[in-house]
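Tertiary structure, described
Each chain, written out:
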Amino acid sequence: MTGRLVIIGAGQAGFALAAKLRALKDMRAITILGSEDVLPYQRPPLSKKYLLGEMSFDRLLFRPDNWFADNGVDIRLSNWVEEIDRKAGHVRTQDGVTHGYDTLAIATGSTPRRLPAALGGDLGGVYVVRDKRDADRLAEEMQPGRRLLIIGGGYIGLEAAAVARHLGLEVTLIEMADRILQRVAAKETSDAIRAIHQSLGVDIREKTGLKQLIGKDGRVVAAELADGTTLDVDLVIVGIGVTANDALAEAAGIKTGNGIVVDQFVRTSDPQVFAMGDCTQLPFKGQQVRLESVQNAVDQAEAAAAVMAGGNEPYEPKPWFWSDQYDVKLQIAGFNLGYDETLVRPGQREGAMSVWYFRADEMIAVDALNDAKAYVTGKKLLELGRSPDKSVLADPAADLKQFLA
Ligand SMILES: Cc1cc2nc3c(=O)[nH]c(=O)nc-3n(C[C@H](O)[C@H](O)[C@H](O)COP(=O)(O)OP(=O)(O)OC[C@H]3O[C@@H](n4cnc5c(N)ncnc54)[C@H](O)[C@@H]3O)c2cc1C
């Protein structure tokens, strides 16, 4: 295939698209326009080993800079795309330069929700974790003995809590919902993760919202909670979810909902325009979902590359995810949307366990805590479209291998 491809966003999905096209020997002209000032890198370590100071930035890069020149990929950093003009067939960056395209790919990712300024969201010492700059600024503040408040008990908040405890900070985590991880995991997984954090000194307060942050000289010094308590704090991390970066597409008249709407061939409502990764809303088992994960960013981008290169394979997501907290590796296969039953199995190592999710007898997901065997088995079963017999699964002595026989 020939023609000019412009990719907006130099993140996980934008890079994966360019790399896959080259792997498919598709040598069309590719321009990647990215708003950050660094080459494409992995984000997950930003709330794990990179924040802890155990991983250098070089190790986060997908490829060194010569890869782009060697593969004829024109990557332009610090280039914010302001407008897509579909009639003219070009995009325009903030400095007024236009880039003509025959095919356009939008891979703009997502943006963390922030606290409104009226609640103190614009005070110094209040952070979100999305990019290298956020993580670098936060890492400087993570000094032993300081008091950190984390707002939101999702994966990023919990990972940051683990890093902060490791570095000797005092950590309080508040979660407005009944329990941490409520949006993404079953009660059993929440209970296990909560117990680990509590045993390592994190003060977790569920069903507790924030009333407001209090500042002094422009910097946060305290937090008033909805239950009337006031906490003295030195810094705050806000981990209350993300929204899809779909404004560019919407302004260009491309269909959006909870993200840019794409079909199973990764196309938007404009057949010349593809979208992939965190910025999309995509079909999954008859529903419209958002999948904010490395798996989706890479697989959806690679599926788009195959379509652009002339293929006709629909993208069927096979979700997986992970989270590292202390020495606990949580691995998730599948997507637990609409589950009506869970089954818990102890693992072989101390503290290891897995939570299996069922919807009307169909196994749809598994959370495995330090239990690689359960994860691998669950993932394989999902790929094969098989559900394990629940009574056998419930027996801790039963070998998981038999389900794959
Ligand atoms: C701290 C953290 C920890 C995570 N941990 C995990 C994990 O453990 N496991 C997991 O599976 N996933 C994890 N994720 C999620 C995963 O990193 C994302 O799902 C993935 O990066 C999505 O890829 P993307 O390409 O869609 O978006 P991104 O990687 O965010 O890339 C989008 C890029 O587009 C740029 N951009 C946006 N708008 C414009 C514009 N108008 N012009 C030019 N450029 C633009 C952005 O600046 C960004 O560089 C984590 C994310 C974060 C932030």
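Residues numbered from 1 in each chain as written. Predicted model: local features only at pLDDT ≥ 70, side-chain atom pairs only at ≥ 80, totals over all residues. Heavy atoms only, no water.

Regarding the sheet that holds strand β27 (residues 362-369)
Pairing between the strands of a sheet is mediated by backbone hydrogen bonds and can be parallel or antiparallel. Taken in spatial order, the five strands make up an open sheet running β23-β24-β27-β26-β25, and their pairing is antiparallel. Among the strands making up the open sheet, the edge pair consists of β23 (320-325) and β25 (341-346). For this sheet the average axis-to-axis angle between neighbouring strands, irrespective of direction, equals 15 degrees. Where β23 and strand β24 (residues 328-334) come together, six bridges link them in antiparallel fashion. When the sheet's bridge partners are listed, Asp324 is paired in β24 with Lys329. Strands β23 and β24 of the sheet are contacted by helix α5 (residues 155-166), whose axis makes an angle of about 25 degrees with β23. (Pairing = 2+ DSSP bridges. Helix = DSSP H or I, 4+ residues; strand = E, 2+ residues; numbered from the N terminus. Axes fitted to C-alpha atoms, helices over the stretch in contact; angles between N-to-C directions. Contact = heavy atoms within 4.5 Å.)

Examining the environment of Gly11
Within the secondary structure, Gly11 is located in the loop between β1 (4-8) and α1 (12-23). Its relative accessible area of 11% is what places Gly11 among the buried residues. Not counting the four nearest positions on each side in its chain, Gly11 is found in contact with Pro40, Arg43 and Phe62. (Buried < 20%, exposed > 50% of the residue type's maximum accessible area, 1.4 Å probe, protein only.)

Focus: the sheet that holds strand β10 (residues 147-151)
Judged by pairing direction, the sheet is parallel, and its five strands sit side by side in the order β9-β16-β10-β11-β12 without closing on themselves. Each edge of the open sheet carries a strand with a single partner, namely β9 (126-127) and β12 (203-205). The pairing of β9 with strand β16 (residues 235-238) spans two bridges and is classified as parallel. If you follow Val126 over to β16, its bridge partner there is Val236.

A closer look at the site of the ligand
Around the ligand sit 31 residues, and of these Ala13, Ser35, Glu36, Lys48 and Arg130 come closest. Ala13 is positioned with one of its backbone polar atoms (N or O) 2.7 Å from an oxygen atom of the ligand. Here a nitrogen atom of the ligand and a backbone polar atom of Val81 are 2.9 Å apart. Considered on its own, the ligand offers 1,000 Å² of accessible surface; in the complex 95% of this is hidden by protein. For the shell around the ligand, the elements supplying multiple residues, two or more each, are α1, α8 (294-308) and β23. (Near = heavy atom within 4 Å. Polar contact = N/O pair within 3.5 Å; in protein donor to acceptor, adjacent residues only side chain to side chain. Areas by Shrake-Rupley, 256 points an atom, 1.4 Å probe, with all protein chains shown as cover.)

Details of the pattern of salt bridges
Summed over the entire model, instances satisfying the criterion amount to 26 salt bridges. With its nearest N and O atoms 2.8 Å apart, the salt bridge here joins Glu141 to Arg219. Placement of Glu141 in helix α4 (residues 132-141) and of Arg219 in strand β14 (residues 219-225) is noted, with a sequence separation of 78 residues between them. For Arg205, the salt bridge goes to Asp203, with nearest N and O atoms at 2.9 Å. Here the residues in one salt-bridge network are Lys187, Asp191, Arg194 and Glu206, joined through shared partners. (Salt bridge = Lys/Arg side-chain N within 4 Å of Asp/Glu carboxyl O.)

Focus on the domain arrangement of the protein
Domain assignment breaks the protein into domain 1 (4-111 + 243-308), domain 2 (114-238) and domain 3 (327-404). Relative placement of domain 2 and domain 3: their C-alpha centres are 30 Å apart. Domain 2 puts 10 residues into the contact, and the matching count from domain 3 is 12 residues. A buried area of about 770 Å², summed over both sides, lies between domain 2 and domain 3, and 66% of it is on carbon and sulfur atoms. Three residues stand out in domain 2 for area buried against domain 3, namely Ala186, Glu188 and Thr189, and they jointly supply 48% of the buried area on that side. (Domains from an automatic or database assignment. Buried area = accessible area lost by both parts, 1.4 Å probe.)

Notes on the packing of aromatic side chains
One pass over the structure, following the stated rule, counts 11 aromatic pairs. Measuring from ring centre to ring centre gives 6.2 Å for Tyr50 and Phe57, while their planes differ by 65 degrees; the resulting arrangement is edge-to-face. On the accessibility criterion, Phe57 (14% relative accessible area) is buried. Between Tyr339 and Tyr357, the aromatic rings sit 4.8 Å apart at their centres with planes inclined by 75 degrees, giving edge-to-face as the arrangement. Highlighted residues: Tyr339 in the loop between β24 and β25 and Tyr357 in strand β26 (residues 353-359), separated in sequence by 18 residues. Take Tyr339: its relative accessible area is 31%, and that puts it in the partly exposed class. By relative accessible area, which is 0% here, Tyr357 ends up buried. Through a chain of ring-to-ring contacts, the aromatic side chains of Phe15, Phe62, Trp67 and Phe68 assemble into a single cluster. Above the face of the Phe57 ring, Lys132 is positioned so that its terminal group lies 4.9 Å from the ring centre. (Phe/Tyr/Trp six-rings, centres within 6.5 Å; stacked < 30°, edge-to-face > 60°. Lys NZ or Arg CZ within 6 Å of the ring centre and 35° of its normal.)

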